[in-house]
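Coordinates in review
Residue-level listing of the chains:
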Amino acid sequence: MIRFNNVSKSYPTSTAPALEGLTFHIGRGEFVFLTGHSGAGKSTILKLMHAEEPPTSGDVRVSGFAIGKLRRDEVPRLRRRLGIVFQDFRLLEDRTAAENIAFALEVTGARSDTIPTRVARVLDQVGLSSKLDAFPRELSGGEQQRVAIARALVNDPPVLLADEPTGNLDERATQGVFQLLRDINDTGTVVLMATHDLDLVRQAGKRILELRDGRLVFDSAGDQVEAR
Ligand SMILES: Nc1ncnc2c1ncn2[C@@H]1O[C@H](COP(=O)(O)OP(=O)(O)OP(=O)(O)O)[C@@H](O)[C@H]1O
Ligand SMILES: [Mg+2]
């Protein structure tokens, strides 16, 4: 599903590379945590995956797309096959929960007569059917993140990327969102979650990829990666 082969990334404005010589593979059905100190390169990995940034060298493959070689018109097709959620939710404040989700379908050209059913289905999946007409400001942080997750899921992506999705949530909401991500993974969706929350990572028993200064220093799936 996701394959990095000797991937490096340098941002034009910074001297030290953000990622160096990364090689790993994430297969069907996996739930993977991406951990590492602030600035280690977690968000950069996610940005490469959804083609927000190109790799400087090496090969990135996601759901059959070769990211470094994508034509401009292929980017929307890639993004339809990836759900993504962020720490700060990024909901449109002037739209209700249902409208936020519907918007994600509208921009991908879904048939308008199918939209209400699909929105209702994902809101039910995240346990927020009763809040479909609520605006983001009327929802708790945990609920806003659930709406953002519903929006990420509405195109049925095979891969869900989550960048610190519990970073703004308290312990209880964190557990709720994490359980939801596990449930989503149980339906077959690959989930890759970047997080600082080591307690969550330790209790979960899922695969862990740890970065240090842009290098992969640990992969709990077995292949110990040498720290250079
Ligand atoms: N747009 C950018 N331009 C220049 N340098 C950047 C840019 N984005 C990130 N960097 C640098 O790349 C490195 C990795 O950043 P990244 O955001 O991937 O880290 P992170 O592991 O997600 O950190 P955090 O836990 O704080 O979110 C850092 O040194 C950062 O300063
Ligand atoms: Mg980050």
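Provided above is the structure to which this section pertains.
Report follows, based on the coordinates.

The rules behind each value
Residues numbered from 1 in each chain as written. Chains lettered and ligands numbered in written order. Predicted model: local features only at pLDDT ≥ 70, side-chain atom pairs only at ≥ 80, totals over all residues. Heavy atoms only, no water. Helix = DSSP H or I, 4+ residues; strand = E, 2+ residues; numbered from the N terminus. Buried < 20%, exposed > 50% of the residue type's maximum accessible area, 1.4 Å probe, protein only. Lys, Arg positive; Asp, Glu negative; His and termini not counted. Salt bridge = Lys/Arg side-chain N within 4 Å of Asp/Glu carboxyl O. Contact = heavy atoms within 4.5 Å. Pairing = 2+ DSSP bridges. Axes fitted to C-alpha atoms, helices over the stretch in contact; angles between N-to-C directions.

**A look at the side chain of aspartate 163**
Structurally, the position occupied by aspartate 163 is in strand 7 (residues 159-163). Buried within the structure, aspartate 163 lacks any salt-bridge partner; arginine 90 is the closest side chain of opposite charge, at an N-O distance of 6.6 Å.

**What to know about the environment of glycine 214**
Its location among the elements puts glycine 214 in the loop between strand 9 (207-212) and strand 10 (215-219). When the C-alpha positions of glycine 214 and phenylalanine 33 are compared, they lie 16 Å apart, and in sequence the two are 181 residues distant. Not counting residues up to four positions away in its chain, the partners in contact with glycine 214 are Ala18, Leu19, Glu20, Leu22 and Ala40.

**A look at the pattern of salt bridges**
The full count for this structure, using the stated rule, is 13 salt bridges. In this structure, aspartate 88 and arginine 90 form a salt bridge, with 3.0 Å as the shortest nitrogen-oxygen distance. For aspartate 88, a relative accessible area of 42% puts it in the partly exposed group. We classify arginine 90 as partly exposed; its relative accessible area is 47%. For arginine 121, the salt bridge is made with aspartate 156, and the minimal N-O distance between the two is 3.6 Å. Separated by 35 residues along the polypeptide, arginine 121 in helix 4 (residues 115-125) and aspartate 156 in the loop between helix 5 (141-153) and strand 7 bring together distant segments of the chain. Among the ionic contacts, a cluster of salt bridges with common partners joins Glu30, Arg207 and Asp219.

**Comments concerning the sheet that holds strand 7**
With mixed pairing, the 6 strands of this open sheet are ordered in space as 6-7-8-3-9-10. The strands lining the two open edges of the sheet, one partner per strand, are strand 6 (82-86) and strand 10. Strand-to-strand twist across the sheet, computed as the mean angle between neighbouring axes with direction ignored, equals 20 degrees. Alignment of strand 3 (residues 31-36) against strand 9, held across 5 bridges, turns out to be parallel. Paired with glycine 36 across the bridge in strand 9 is leucine 211. Seen against the sheet, helix 5 touches strand 6 and strand 7 and runs at an angle of roughly 165 degrees to strand 6.

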